Amino acid sequence: MNGQATAHSVVEASARSKWISGAIVAAYALLTITPLLWIFLTSFKTPTDSIAYPPKVISEPSFEGYCNLFTIRSRQAPEYMASLPPATNYCDKVARERDVVIAGPSKTPGRLMNSLIIGFGSTFLAVFLGTLAAYAFSRFNVRLKDDLMFFILSTRFMPPIAVAIPVYLMYRQVGMTDTHLGMILLYTAVNVSLAVWLLKGFIDEIPREYEEAALVDGYTRLQAFVKTVLPQAATGIAATAVFCLIFAWNEYAFAVLLTSGVAQTMPPFIPFIIGEGGQDWPAVAAGTTLFIIPIVCFTVLLRKHLLRGITFGAVRK
Amino acid sequence: MATSIDMTNAVPIAPISQASTSRLGGMSDRAIAWLFITPTIMLLLAINIFPLLWTIYMSFTNFKANMGWVKYRSVGVDNYVDILTDTDIWTAMQTTAHFVFWSILFEVLLGFGLALLINRKFRGHSLWTTVILLPMMLSPAVVGNFWTFLFQPQIGLFNYIVGFFSGVDPGSFQMIGDVRLAPWTIVLVDTWMWTPYVMLICLAGLRSIPDSIYEAAEVDRASAWRRFWSITLPMVMPFLMLAVLFRAIENFKMFDMVNLLTNGGPGSLTETVSITLKRAAFEKWQTGWSSALAIILFLTVFGAANIYVKVLNKVKQR
C-alpha cells in the first residue's frame, strides 16, 4: 500500500514527468534569453559583422562598439591622417583603420552619471520617506489608514504621460525642467508608494516584542525604532532600495519628456547612439549591454524578494 | 507557597505596563505617526495631486503650452465631447484593446503553463526560473529599442530564425513596417517581456495550495483533469486575477516599449492611447485637449486600480 501511494503520489511528480517539465522549461529559458545573448554578442562585433547575412554567431571579437560608444570621431583628409603620430591605444588604432580620428569623448559617460545620480538620489529619498511612513502605518493606529494606503498606491497607477503634462508646466514655472533635482523628486514620488507598501510588509513581520522590550528598558519610541526596528528591517530596506533603483534606472517616459541634455538619463539616450551612415548597432548593443548588466546582477541577488516587489508586498512566497 | 509565587509575578507587571505607555522625554505615538507619514503625503500632494488638479483645470480650457502668451479661455466640456466623439481616439482605444487582450491572453497561457511545470520541482528549477525572470526586470524602452534590431528585415536575428524554420525569405517580411504584422509585433515583445510576471505570481498561487487537499482528492479517486479544474484553478484564480489586472492596467497605459519599437507606426496602426496622448500633448501642443484625454485615462486606470487593491487585500498573506 505504502509503495503504491508514493508511486502514484499526487503532490510529488514522477521522475519522468519531472524530466519532461525540466526539458520544456529549460528550452523556454534558452529561447527567452536568446535576444539578450544576441545583444551581448553584437556588442563585440565589428559594424560589418553585426549586419552580416546570415547572422554570425561567432565572429572575431572587437571592442569597436565600446570605443564608438564612448568617443566621437571625425573624418579627416588623407594627408592629415598620414601626418599623425602612430596610434597610442586600441580605440585610436581601430578608428585609424576606418580612416577617422577620435575627436573627443561622447555624451555617454555624462548620461551614465545622470542615471546614477538620479537613481541613487531618488532611491535614497524614497526609501528614507518610505521607511518612516511604513513604520507609522505598521505600528500605530493611524486614522484613515486604509484610505491613506490606497491613496499612496493609487499614485503609482497614474499614466506617466498624463502626469508629465502638468509636471512639465510646473517645472517650467519654477525652472526645474531638465534638472537632476526635478527628476529626483519625480522618481521619489513614483517610488515612495512602492517603498511604503513593501516596507510595511517587511516591518509587519518584525515582532513587536523587541520594541516593547526596548521601551521597558527606558528607550523612547524613536530610540526603539532606530535601535531595534531598523536593524531588523535591514534586509527589507535593502530589497526595497534595489527595486526603487531598478525603477529609476529603467524609467523612460518622464525622462524623454522632461529632460533633453543636462539631466538626461540612459534610456532616452541609448536609441540615439547613431554612428556614421545609419545606426551603429555594435555601439547601441554596447550601451545596452552596459545598461543591462547591473540589472541582471540585481535580479539574481533579489530573486527571493521579486514576488514581494511585483505585488507591493502582498504575496511573500 | 503557591500564593507567594503569584505575588512576586504579579507585582512587577503593573509598573512595566505603565512604563511602556508613558513616553517621558519622547514624543507621543500620535505625534510620531504624523511626523513619519506627513512628508510622504506632502510629496505625493505636490508631485501628483497638485498637477492632477491643474490638469483638471486645463482640461476645460483651450490652453496651448507652446503658446503660453496667448490668452486662453474656458471651453467648458468641449474637450471631453470632442474626445469621446473623435474616431481617431476610438481607433486608438481599439488598438490598445487588441494589444491588452492578446498580450495578456498569451502571457496567462504561457505563464500559467510554465508555473505548472516549474511547480514539479525538477532538479535545477530555481536556476531556470531566475533565467526566465530576467526580461521583466529590464527597461521597457531599452527592450523596445533592441527588438528593432532583432526585427530588421534580412539581417535581423528574429527574421532569420523564422526564415530558417519556415523557409520564408527573411528579407520578405517586416515585423515593424507591415500593416498586418505590426499589431502582433508589440504583442510578441510584450509577451516575451511579461510572461515571467504572470508565471511568478501563478507559481506563488500554486505553492499556496496545501498538499492535503490533493491527497484528499486522491482518496476520492478524482482524475488529474478533475483535480486541475476543481482544486488548482480555483485556488490559483485570485493570484491569476492579480496578475491579469496589473498587466491590464500597465498595458492599457503602455507607452515606452511601443514608442521605441514602432512609435505607433506604420501610420497610426500601433498607436496606443498613451502614444496619441504624447503626440497631442508634446508634438501638437494641444494642452487643454490632451489634459482632458489624460483625465479620461486616469479615471479608467483609477477604477481598475480600485479593483486591483481589493484583489490584493484578498490574497495578502499574513
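Residues numbered from 1 in each chain as written. Chains lettered and ligands numbered in written order. Predicted model: local features only at pLDDT ≥ 70, side-chain atom pairs only at ≥ 80, totals over all residues.

Caption draft 1: Here's a closer look at the overall build of chain A. Counting its secondary structure elements, chain A contains 17 helices and 4 strands. A globule of 317 residues ought to have a C-alpha radius of gyration of about 20 Å, yet chain A, at 26 Å, is considerably larger. Overall, chain A is about 85 × 70 × 40 Å in size when its C-alpha atoms are taken along their principal axes. In chain A, which comprises 317 residues, the proportion classed as buried is 49%. Within chain A, counting contacts between residues at least 6 apart in sequence, those at least 24 apart form 76% of the total. (Helix = DSSP H or I, 4+ residues; strand = E, 2+ residues; numbered from the N terminus. Rg over C-alpha atoms; globule rule 2.2 N^0.38 Å. Buried ≥ 20, exposed ≤ 12 C-beta atoms within 10 Å, placed from the backbone. Contact = placed C-beta atoms within 7 Å.)

Caption draft 2: Inspection of the interface of chain B and chain A at higher detail. Across the contact, 88 residues belong to chain B and 85 residues belong to chain A. Looking at which element gives the most residues to the side of chain B that touches chain A, the answer is helix α2 (residues 29-58) of chain B, with 14 residues. Looking at the side of chain B that touches chain A residue by residue, the classes come out as 58 nonpolar, 17 polar and 13 charged. (Nonpolar A, V, L, I, M, F, W, Y, C, P; charged D, E, K, R; others polar.)

Caption draft 3: Inspection of the domain arrangement of chain B at higher detail. Domain annotation of chain B identifies domain 1 (2-58) and domain 2 (78-315). Placing the centre of domain 1 of chain B and that of domain 2 of chain B at their C-alpha centroids yields a distance of 41 Å. (Domains from an automatic or database assignment.)

Caption draft 4: Local environment of the nonpolar core. Formed by 170 residues in total, the largest nonpolar core has its most connected members in A:A136, A:C244, B:I201 and B:C202. The residues touching B:I201, leaving out its near neighbours within four places in the chain, are A:T311, A:V315, B:F239, B:L242 and B:A243. (Core = buried A, V, L, I, M, F, W, Y, C linked by C-beta atoms within 7 Å.)

Caption draft 5: Highlighting the domain arrangement of chain A. All names here are of chain A. According to the domain assignment, chain A consists of domain 1 (14-106 + 273-297) and domain 2 (109-271). Relative placement of domain 1 and domain 2: their C-alpha centres are 35 Å apart. Between domain 1 and domain 2, the contact holds 8 residues from the first and 4 residues from the second. Element by element, the count of residues in the side of domain 1 that touches domain 2 is highest for helix α16 (residues 281-302), at 5 residues. Looking at the side of domain 1 that touches domain 2 residue by residue, the class counts come to 6 nonpolar, 2 polar and no charged.

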